[in-house]
Amino acid sequence: MNKQLENYLDLQNRINRIENLTNADWDTKYMLRKFVPVVWNDGFDVQDIIDYITIKLSEVITELEAEEQITTTNTK
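## Structural notes on the overall build of the protein
The number of helices and strands found in the protein is 3 helices and 0 strands. Shown N-terminal to C-terminal, the secondary structure of the protein runs as helices and strands in the order α-α-α. In summary, the protein has a C-alpha radius of gyration of 16 Å against a globular reference of 11 Å for 76 residues, an excess of more than 25%. When its C-alpha atoms are laid out on the principal axes, the protein stretches across 40 × 40 × 20 Å. For the protein, the exposed surface amounts to about 7000 Å²; the carbon and sulfur share of it is 56%. Averaging the positions of the 8 positive and the 14 negative side-chain charges in the protein gives two centres separated by 8 Å.

## A short note on the pattern of salt bridges
Summed over the entire model, instances satisfying the criterion amount to 4 salt bridges. A salt bridge links K29 to D25, with the nearest nitrogen and oxygen atoms 3.4 Å apart. Separated by 4 residues within a single helix, K29 and D25 lie in helix 2 (residues 24-41), roughly one turn from each other. According to the relative accessible area criterion, K29 is partly exposed, its value standing at 46%. Across the pair E59 and K56 runs a salt bridge whose closest N-O atoms are separated by 3.2 Å. Taken together, the residues E59 and K56, both in helix 3 (residues 46-66) and 3 residues apart, mark about one turn of the helix. Judged by its relative accessible area of 35%, K56 is partly exposed.

## Quick notes on unusual backbone geometry
Backbone geometry at E68 places phi at a positive 60°, although glycine is not the residue there. Relative to the helices and strands, E68 is located in the segment after helix 3. The exposure class of E68 is exposed, given its relative accessible area of 72%.

## Comments concerning helix 2
Because an α-helix packs 3.6 residues into every turn, residues spaced three or four apart end up facing the same way. An ideal rise of 1.5 Å per residue puts 26 Å on 18 residues; helix 2 measures up with 25 Å between its terminal C-alpha atoms. Of all the bends in helix 2, the largest measures some 25° and sits at F35, one to four residues before the proline P37.

## Some words on the packing of aromatic side chains
Enumeration according to the criterion identifies 2 aromatic pairs in this entry. Look at W26 and Y30: their rings are 5.0 Å apart centre to centre, the planes differ by 10°, and that puts the pair in the stacked class. In this pair, W26 and Y30 both sit in helix 2, 4 residues apart, roughly one turn of the helix. The class of W26 is exposed, set by a relative accessible area of 52%. Measuring from centroid to centroid gives 5.1 Å for F35 and Y52, while their planes differ by 20°, and the two rings are stacked. Here F35 is found in helix 2, whereas its partner Y52 is found in helix 3, with 17 residues between them in sequence. Residue F35 is classed as buried on the basis of its relative accessible area, which comes to 19%.

Each value, and the rule that gives it
Residues numbered from 1 in each chain as written. Predicted model: local features only at pLDDT ≥ 70, side-chain atom pairs only at ≥ 80, totals over all residues. Heavy atoms only, no water. Helix = DSSP H or I, 4+ residues; strand = E, 2+ residues; numbered from the N terminus. Rg over C-alpha atoms; globule rule 2.2 N^0.38 Å. Areas by Shrake-Rupley, 256 points an atom, 1.4 Å probe, with all protein chains shown as cover. Lys, Arg positive; Asp, Glu negative; His and termini not counted. Charge placed at Lys NZ, Arg CZ, Asp CG, Glu CD. Salt bridge = Lys/Arg side-chain N within 4 Å of Asp/Glu carboxyl O. Buried < 20%, exposed > 50% of the residue type's maximum accessible area, 1.4 Å probe, protein only. Expected span 1.5 Å × (residues − 1). Bend = angle between axes of the 7 residues up to and from the residue. Phe/Tyr/Trp six-rings, centres within 6.5 Å; stacked < 30°, edge-to-face > 60°.

In structure tokens:
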């Protein structure tokens, strides 16, 4: 199989699995529709938004690990 197609299918399968486990599709789109216009119109770009979300995700993972709701040492 074409490696690019294989990577796409793998990513799509992971996205589908996440969305089947949670309400992440709606929640994420709701948050982004509220957040993006405000920061975009203030001059931030896509990379700024990605950086911000990445930092916030890292903070939440650290908090959840400290609260023993998740264990990051056993994930890939």
